[in-house]
Each structure stands twice: as structure tokens, then as C-alpha cells.
Amino acid sequence: MNSLEQAEDLKAFERRLTEYIHCLQPATGRWRMLLIVVSVCTATGAWNWLIDPETQKVSFFTSLWNHPFFTISCITLIGLFFAGIHKRVVAPSIIAARCRTVLAEYNMSCDDVMILESRDPAPHRAPCSVGSLLLPRPFILLVLALSNK
């Protein structure tokens, strides 16, 4: 395999990785907004629950029954965490971190936009030149296959 084919494979890998990260951004934004809204509702309900003088006079379950806004928002927040919202909010960061870990073995890295860069300080290589970076073809095919899942 010549270096031209390897450079094309690397460019394809970079395009696919960038496309995958950008496709995750809208869903991640929606999950973040949902988490913020439910967290604010829970905090507001908790504040109202704590400042209510009746809360101290009745049992715990009665006070929760008297404050349905707090109870429902708290149950919703707990349900979202059990559903894995904490992973969905940071999914692009997790993928980028895993890619950086794998690329580090090949003396490469990627920036926040998922543009591949060589970490080789040799003067004959440009830092962002994809054509000068050589990865074994099986590695690129493996990463492309994993990104399709």
C-alpha cells in the first residue's frame, strides 16, 4: 500500500469522525437543555419545600404529598439519571477522549473539531498535513467500522 492510499484512508477517517461528532451535537444540546430545565425545576421546588413552615410540622411523606411540583421534578431528575442522561450529555467528549487515546499510540492527536494532527516534531512534516501522516490500513478500517455502530 502506498502513501497516497494511506493518506486517502486517513482523510476518510477524519471526515467520518468529524461527521459523527457533528451529528451528535444537536441531540446532546437537547439533552443538556432538558437536564438544565429539570434541575432548575427541582431546585425551585426544593426551595419552596424547604421554606414552607408546614414541612417541619408534618411527616416526610405528607410534606412530599403537599409539594407535588418538587416531588414530580425530583422523580423526573432521578429517572433521567437512571436512563443515562449523564452519558448522553457528554457523549461527544467521551468519543473524542477515546479517539485521542487510540491516536496517541500512533503519535497523533486531534483537536476539538476532530482534525487530525501529527505530534511528530520533525521539521519536514507540517502539523496539520494529513498527507504526511501514515497509519496502518487495518487501524483505519477498524476505527471506521467502530464509528458505524
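What counts, and where the lines are drawn
Residues numbered from 1 in each chain as written. Predicted model: local features only at pLDDT ≥ 70, side-chain atom pairs only at ≥ 80, totals over all residues. Heavy atoms only, no water. Core = buried A, V, L, I, M, F, W, Y, C linked by side-chain atoms within 4.5 Å. Buried < 20%, exposed > 50% of the residue type's maximum accessible area, 1.4 Å probe, protein only. Helix = DSSP H or I, 4+ residues; strand = E, 2+ residues; numbered from the N terminus. Expected span 1.5 Å × (residues − 1). Arc of directions from axis to C-beta. UniProt positions renumbered as here; feature names shortened; annotations may be inferred. Contact = heavy atoms within 4.5 Å.

**Digging into the nonpolar core**
Working step 1: Judged by nonpolar contacts, L10, F13, L17, I21, L24, I95, C99, L103, M108 and C110 together constitute the single largest core of ten residues.
Working step 2: When contributions to this core are tallied by element, the ones reaching two or more residues are α1 (3–51), α5 (91–104) and β1 (108–110).
Working step 3: If you tally residues by element for this core, the top one is α1, at five residues.
Working step 4: If you look at the next biggest cluster of nonpolar residues, it comprises six residues, including L35, L77, L80 and I85.

**What about α5?**
Working step 1: A rise of 1.5 Å per residue sets the reference length of α5, with its 14 residues, at 20 Å; its end C-alpha atoms lie 20 Å apart and thus fit the reference within 8%.
Working step 2: When α5 is considered as a whole, its buried residues turn out to be A91, P92, I95, A96, C99 and L103. One side of α5 carries all its buried residues, which in axial view fall inside an arc of 130 degrees. Facing away from the buried side of α5, by more than 90 degrees, are the exposed residues R98 and T101.

**Some details on the UniProt feature "transmembrane region" (unreviewed entry) in the protein**
Working step 1: The positions that UniProt labels "transmembrane region" (unreviewed entry) are, in the present scheme, residues 33–51 and 63–85.
Working step 2: The straight-line gap between the two end C-alpha atoms of residues 33–51 is 27 Å; of that span, 100% is helix and 0% is strand.

**Looking at helix α3 (residues 68–82)**
In an α-helix, one turn spans 3.6 residues, which is why side chains three or four residues apart end up on the same side.
Working step 1: Taking 1.5 Å of rise per residue, 15 residues should cover 21 Å, and α3 covers 21 Å from first to last C-alpha, within 8% of that figure.
Working step 2: Buried residues of α3: F70, T71, S73, L77 and L80, and no others.
Working step 3: For α3, the elements touching its buried residues are α1, α2 (60–66) and α4 (85–89).
Working step 4: A positive backbone phi angle near 95 degrees is found at G84, which sits one or two residues after α3.

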